[in-house]
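The primary structure of each chain is shown beneath.
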Amino acid sequence: MSETLVVMVRAMIGFFTLLIYTRMLGKQQLSQLTYFDYILGITIGSMAAALTTDLSSMAWPHWVGLTAWTAAGLAMQWVTLKWRFASKYIDGEPTVVIMNGKIMEGAMRKLRYRASDLMEQLRVKDVFDIGEVEFAILETNGTLSVLKKTQFQPVTRGDMSIPTHYQGIGTELIYSGVIFDQNLKQVHLDRPWLEAELRKQGVVDSSDVFLAVLDTSGNLYVDTYRDRVESPVDTGDFPGPY
Amino acid sequence: MTLEAGTVLKRVLLVALPVGLIALFIAVMLSAAVLKLPTGAEDDVPEWLSRVEKHVMAEQWDDALEGAKKLADAFSRVTVRVQFSAQLHDILHLRTAIARAEGFIRAQDRAGAIAELAEAQTLWDRIGSRH
């Protein structure tokens, strides 16, 4: 019996099972996870680790545990999606901690949320004066959403009646020297146009391009592998190991 | 709306690949029950266990010793196949039980040898079993 080989095979089982199950559990970002989602992730991860290296037991019970927790997680997601009451009960509700400029001490006490926590999360939101806040809501994932009083909100182009132009998402046309024909077709352009644009920017060969993005105004941003920066900025505060 | 053949194939693959992988993993993890079955006389562990026990009961020590060696060899062959789905402890304990049985046979101790062979039988039954 080769322990190394057994661990390698079990690692492959754990790795790909985890990959498949996490894809099934959805695309929630880490910042959007509730506390329970976080615990769920840790538990599933530790079971996958035990499946890999705990040779004193069969792989099967660990794998069944992994599957059962994933199934329970999926069932919870389904229930909270279909049943609003369950969603509020399981995930909790956002809580208003500042309403019309007044701190809601009672709500904060229920959440065991301290004034220092509130001040810290306000600072993270670039609010250093609590008097600027009209509403602050503690979301179910623990982040704080802040609405400033109107007199402290930044002026927008709309406030100043300045005309604006449409701005959408840029389209990647080249990455790592590879031209994306599918994206070119999507913006109704072709390779000869792209090559002409590259020549205008002094690029002869598309394989020299690291990234080329077309914005919605028709401007092509091109970054080549050779950057030719004459006086690079050094952000280090000591000579460093390299 | 009709989908292109390539798109359909991609979608099928997207589902078939994870389902196939999961099925393969289950097969690997539960394979011991099938892979422990003998493919010939050389890896027939239950047969060698039974033969050694008979020789020990009849106090045919030379035949019993020869059988114990064959039993150890047969189990080594099976171990290669069942190692991914069996408990490490069961494999190691079974190997130890066979070695101890061999020791008792050398000492011509019938009770000790029979006890070790009985333990080896129990451990053998546990391999591939989920109880």
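Residues numbered from 1 in each chain as written. Chains lettered and ligands numbered in written order. Predicted model: local features only at pLDDT ≥ 70, side-chain atom pairs only at ≥ 80, totals over all residues. Heavy atoms only, no water.

**Q** What should I look at first to understand the sheet that holds strand β1 (residues 95–99) of chain A in this one?
**A** Strand pairing within a sheet occurs via backbone hydrogen bonds; the two strands may be parallel or antiparallel. All names here are of chain A. Reading across from one edge, β2-β1-β3-β4 is the order of the four strands in this open sheet, with antiparallel pairing throughout. Where the open sheet ends on each side, the last strands, each with one partner, are β2 (102–103) and β4 (144–148). As judged from the two bridges shared by β1 and β2, these two strands associate in the antiparallel manner. Counterpart to Met99 in the pairing with β2 is Lys102. Each of β1, β2, β3 (133–138) and β4 is contacted by helix α6 (residues 115–124), which is oriented at about 70° to β4, the strand it contacts most. (Pairing = 2+ DSSP bridges. Helix = DSSP H or I, 4+ residues; strand = E, 2+ residues; numbered from the N terminus. Contact = heavy atoms within 4.5 Å. Axes fitted to C-alpha atoms, helices over the stretch in contact; angles between N-to-C directions.)

**Q** I tried to follow the side chain of Gln83 of chain B on my own but got confused; where do I start?
**A** Within the secondary structure, Gln83 of chain B is located in the loop between α4 (61–82) and α5 (88–106). Judged by its relative accessible area of 5%, Gln83 of chain B is buried. (Buried < 20%, exposed > 50% of the residue type's maximum accessible area, 1.4 Å probe, protein only.)

**Q** Help me out: how do you make sense of the interface of chain B and chain A in this one?
**A** Accessible area lost upon the coming together of the parts serves often as the stated size of an interface. Contacts between chain B and chain A engage 20 residues on the former and 19 residues on the latter. Buried surface at the junction of chain B and chain A, summed over both partners, amounts to about 1,900 Å²; 79% is from carbon and sulfur atoms. Across the contact surface, chain B and chain A share zero salt bridges. Where chain B packs against chain A, one counts two residue pairs in polar contact (both at pLDDT 80 or more). Mapped onto the side of chain B that touches chain A, the elements with two or more residues apiece are α1 (5–29) and α5 of chain B. In terms of residues, the side of chain B that touches chain A owes the most to one element, α1 of chain B, which gives seven residues. (Buried area = accessible area lost by both parts, 1.4 Å probe. Salt bridge = Lys/Arg side-chain N within 4 Å of Asp/Glu carboxyl O. Polar contact = N/O pair within 3.5 Å; in protein donor to acceptor, adjacent residues only side chain to side chain.)

**Q** Would you mind going over a nonpolar patch on the surface with me for this structure?
**A** Residues and elements named next belong to chain A. There is a patch of nonpolar side chains on the surface, built from Phe36, Met76, Trp83, Phe85, Tyr89 and Ile90 and spanning about 700 Å² of accessible area. Sort the elements by how many residues they give to the nonpolar patch and helix α4 (residues 84–91) lands first, with three residues. As for its position among the elements, Phe85 is in helix α4. Looking at Phe85, the relative accessible area reads 54%, which means it is exposed. (Patch = residues over 30% accessible without salt bridge, like charges linked within 9 Å, V, L, I, M, F, W, Y side chains within 5 Å. Areas by Shrake-Rupley, 256 points an atom, 1.4 Å probe, with all protein chains shown as cover.)

**Q** How should I be thinking about the pattern of salt bridges in this particular structure?
**A** Where charged atoms from two side chains of opposite charge come close, those side chains can pair. Evaluation of the coordinates by the stated rule reveals 12 salt bridges over all chains. The salt bridge partner of Arg191 of chain A is Asp181 of chain A, with a shortest N-O separation of 2.9 Å. Here Asp181 of chain A lies in helix α7 (residues 181–186) and Arg191 of chain A lies in helix α8 (residues 191–200), a separation of 10 residues in the sequence. Residue classification places Asp181 of chain A among the partly exposed positions, given a relative accessible area of 40%. One continuous salt-bridge network, built from bridges that share partners, spans Glu42, Asp73 and Arg77 of chain B.

**Q** Looking at this structure, I do not really get the nonpolar core. What am I missing?
**A** Soluble globular proteins: nonpolar side chains tend toward being buried together. Residues and elements named next belong to chain B. Grouped together as the largest cluster of nonpolar side chains are 28 residues, with contacts concentrated most on Val45, Val56, Phe75, Leu94, Ile105 and Ile127. The set of elements that each furnish at least two residues to this core consists of α3 (45–57), α4, α5 and α6 (110–126). Per-element tally for this core: the top contributor is α4, with nine residues. The contacts of Ile127, once residues within four sequence positions are left out, are Ala32, Lys36, Phe75, Val82, Ala86, Asp90, Ile91 and Leu94. (Core = buried A, V, L, I, M, F, W, Y, C linked by side-chain atoms within 4.5 Å.)

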